[in-house]
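Okay, here's what each chain looks like letter by letter:
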Amino acid sequence: MVVKNIKIMKNTNLFIVLNEETLNTMKGKGGKTAKFHTKEEANMVAAGKLHMWVVVSVNFNHEFLHHTV
C-alpha cells in the first residue's frame, strides 16, 4: 500500500485579548493583535490596560499558517 499526498499540518495555539468595549483585539507591537503564551499572562496585561476584556484561546491546524507569540 502506497500513501500519497500526506500533508503535514502546522499548529497554532495561543491566546489573544478581546476588548469588550470596542469589540476589537488588544494591539501589541506594530499595531498588530497582541498574542500570549498563557491565559494568565493575557489577563495580567489586559488588567493593566483595559476596563472590560475576555481572553480568547486560538487553536487551529493549517497547511501553511502558523502564528507564534
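Above this text sits the structure in question.
From a predicted model like this one, the values you see are computed outputs, not experimental measurements.

Conventions used here
Residues numbered from 1 in each chain as written. Predicted model: local features only at pLDDT ≥ 70, side-chain atom pairs only at ≥ 80, totals over all residues. Heavy atoms only, no water. Helix = DSSP H or I, 4+ residues; strand = E, 2+ residues; numbered from the N terminus. Buried < 20%, exposed > 50% of the residue type's maximum accessible area, 1.4 Å probe, protein only. Contact = heavy atoms within 4.5 Å. Areas by Shrake-Rupley, 256 points an atom, 1.4 Å probe, with all protein chains shown as cover. Core = buried A, V, L, I, M, F, W, Y, C linked by side-chain atoms within 4.5 Å. Pairing = 2+ DSSP bridges.

Q: How should the overall build of the protein be read in this particular structure?
A: Looking only at helices and strands, the protein has one helix and three strands in total. Each helix (α) and strand (β) of the protein, taken in turn from the N terminus, gives the series β-β-α-β. Relative to its 69 residues, the protein shows a buried fraction of 19%. The contacts of the protein with a sequence gap of at least 6 include a subset with a gap of at least 24, amounting to 63%. Total accessible area computed for the protein in this model is approximately 5500 Å², and 56% of it derives from carbon and sulfur atoms.

Q: Any chance you could explain unusual backbone geometry here in plain terms?
A: Among all residues except glycine, the phi angle is most often negative; among peptide bonds, the trans geometry is most common. Here the phi dihedral of Leu 23 falls at roughly 60°; this positive angle occurs in a residue that is not glycine. With respect to the secondary-structure elements, Leu 23 resides in the loop between strand S1 (10–19) and strand S2 (24–25).

Q: Would you explain the nonpolar core in this entry?
A: Generally speaking, nonpolar side chains in soluble globular proteins are found buried as a group. Counting nine residues, the largest nonpolar core consists of Phe 15, Val 17, Met 26, Ala 34, Phe 36, Ala 42, Ala 46, Leu 50 and Val 55. In contact with Phe 15, not counting residues within four places along its chain, are Ala 34, Lys 35, Phe 36, His 37, Thr 38, Lys 39, Ala 42, Val 55, Val 56 and Ser 57.

Q: Whenever I open this one, the sheet that holds strand S3 (residues 53–62) confuses me. Can you help?
A: The three strands are arranged S2-S1-S3 in an open sheet whose pairing can be described as antiparallel. In this open sheet, the two edge strands, each paired with only one partner strand, are S2 and S3. Relative to S2, S1 is paired through two bridges, and the arrangement is antiparallel. Residue pairing across strands places Leu 18 opposite Thr 25, the latter belonging to S2.

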